[in-house]
Amino acid sequence: MRILVNEEPRDVAAVTLAAVLDELGYGGARVATAVNGDFVPAARRGALHLDEGARVEILAPMQGG
């Protein structure tokens, strides 16, 4: 299925947000996520099914000064 990840088109096989994160290499990372503009807490990612064309935002915290 084709979705947008951080505004870049991506083809993914996974259908849940948690599985998409795993597929894209974010499985163990501490990230914030949003789908179609709505924040998705980590506890809901496994139950959130994505549809074709979903807009997924993945934000990782940055360190430094």
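Treat the numbers as computed from the prediction; the structure is a model and nothing was measured.

A.B. asks: What is the right way to read the pairing of strand β2 (residues 8-11) from this model?
C.D. replies: As a general feature of sheets, a regular strand has side chains that alternate between the two faces. Two elements, strand β1 (residues 2-5) and β2, share 4 bridges in a ladder whose sense is antiparallel. By the bridge assignment, V5 is partnered in β2 with E8. Between β1 and β2, which pair antiparallel one after the other, the connecting turn spans 2 residues, and N6 there sits at a positive phi close to 50°.

A.B. asks: Looking at this structure, I do not really get the nonpolar core. What am I missing?
C.D. replies: It is characteristic of soluble globular proteins that their nonpolar side chains tend to be buried jointly. In terms of nonpolar packing, the biggest core is built from 16 residues, with I3, L17, V20, V35, L50, V56 and I58 touching the most fellow members. Where this core is concerned, the elements lending two or more residues are β1, α1 (17-23) and β5 (55-59). Excluding residues within four positions of it along the chain, V20 makes contact with I3, V12, A14 and L50.

A.B. asks: What's the story with the environment of A18 in this structure? I'm lost.
C.D. replies: Its place among the elements puts A18 in helix α1. Along the backbone, A18 and I3 are 15 residues apart, and their C-alpha atoms lie at a distance of 14 Å. Dropping the residues within four chain positions of it, A18 is found in contact with R45 and G46.

Thresholds, definitions, all that
- Residues numbered from 1 in each chain as written.
- Predicted model: local features only at pLDDT ≥ 70, side-chain atom pairs only at ≥ 80, totals over all residues.
- Heavy atoms only, no water.
- Pairing = 2+ DSSP bridges.
- Helix = DSSP H or I, 4+ residues; strand = E, 2+ residues; numbered from the N terminus.
- Core = buried A, V, L, I, M, F, W, Y, C linked by side-chain atoms within 4.5 Å.
- Buried < 20%, exposed > 50% of the residue type's maximum accessible area, 1.4 Å probe, protein only.
- Contact = heavy atoms within 4.5 Å.

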